[in-house]
Amino acid sequence: MTEVLNDAITDYEQKLFWQTVNEQIERTQREDPEGWADYLAERELVLGGKPRSRQIAPEWEGLITFPEEKE
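In what follows, the accompanying structure is described.

Thoughts on the overall build of the chain
Secondary structure summary: the chain contains 2 helices and 0 strands in total. Per-residue burial over the chain gives 4% buried out of 71 residues.

Some words on helix 2 (residues 33-47)
End to end, helix 2 covers 21 Å across 15 residues, agreeing with the expected 21 Å (1.5 Å per residue, within 8%). Immediately downstream of helix 2, the backbone of G48 shows phi near 90 degrees, a positive value.

Thoughts on the pattern of salt bridges
Inspection of every chain in the model, using the stated rule, returns 1 salt bridge. Between K15 and D11 there is a salt bridge whose closest N-O contact spans 3.3 Å. Of this pair, K15 and D11 both sit in helix 1 (residues 2-31), separated by 4 residues, roughly a single helical turn. Using a relative accessible area of 55% as the deciding quantity, one classes K15 as exposed. On the accessibility criterion, D11 (35% relative accessible area) is partly exposed.

Some remarks on the packing of aromatic side chains
One pass over the full model with this rule turns up 2 aromatic pairs. Arranged with centres 4.8 Å apart and planes meeting at 80 degrees, the rings of F17 and W18 form a pair that is edge-to-face. Centroid distance W36 to Y39: 5.1 Å. Interplanar angle 35 degrees. Geometry classified as tilted. Taken together, the positions of W36 and Y39, both in helix 2 and 3 residues apart, correspond to about one turn of that helix. Given the relative accessible area of 19%, W36 is considered buried. Overall, the relative accessible area of 42% leaves Y39 in the partly exposed class.

Some remarks on a nonpolar patch on the surface
Together, M1, V4, L5 and I9 make up an exposed nonpolar region whose accessible area comes to about 460 Å². Secondary-structure assignment places M1 in the segment before helix 1. For M1, a relative accessible area of 77% gives the class exposed.

The rules behind the values
Residues numbered from 1 in each chain as written. Predicted model: local features only at pLDDT ≥ 70, side-chain atom pairs only at ≥ 80, totals over all residues. Heavy atoms only, no water. Helix = DSSP H or I, 4+ residues; strand = E, 2+ residues; numbered from the N terminus. Buried < 20%, exposed > 50% of the residue type's maximum accessible area, 1.4 Å probe, protein only. Expected span 1.5 Å × (residues − 1). Salt bridge = Lys/Arg side-chain N within 4 Å of Asp/Glu carboxyl O. Phe/Tyr/Trp six-rings, centres within 6.5 Å; stacked < 30°, edge-to-face > 60°. Patch = residues over 30% accessible without salt bridge, like charges linked within 9 Å, V, L, I, M, F, W, Y side chains within 5 Å. Areas by Shrake-Rupley, 256 points an atom, 1.4 Å probe, with all protein chains shown as cover.

Encoded structure:
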């Protein structure tokens, strides 16, 4: 029974944590759009661009342009 309660408490704490994170992100986007844009730009520098959504054979690289690459 103790294990079930501990699991429930841990689950609740994780949900509460992520709810708080999401609220803070939404507040930052709303109250500091310039700061949010700076964050996204820095994040892209650190993590790189968006990953390709499709994999193609190396010999086809550069010969096919997917719609998402035309942006």
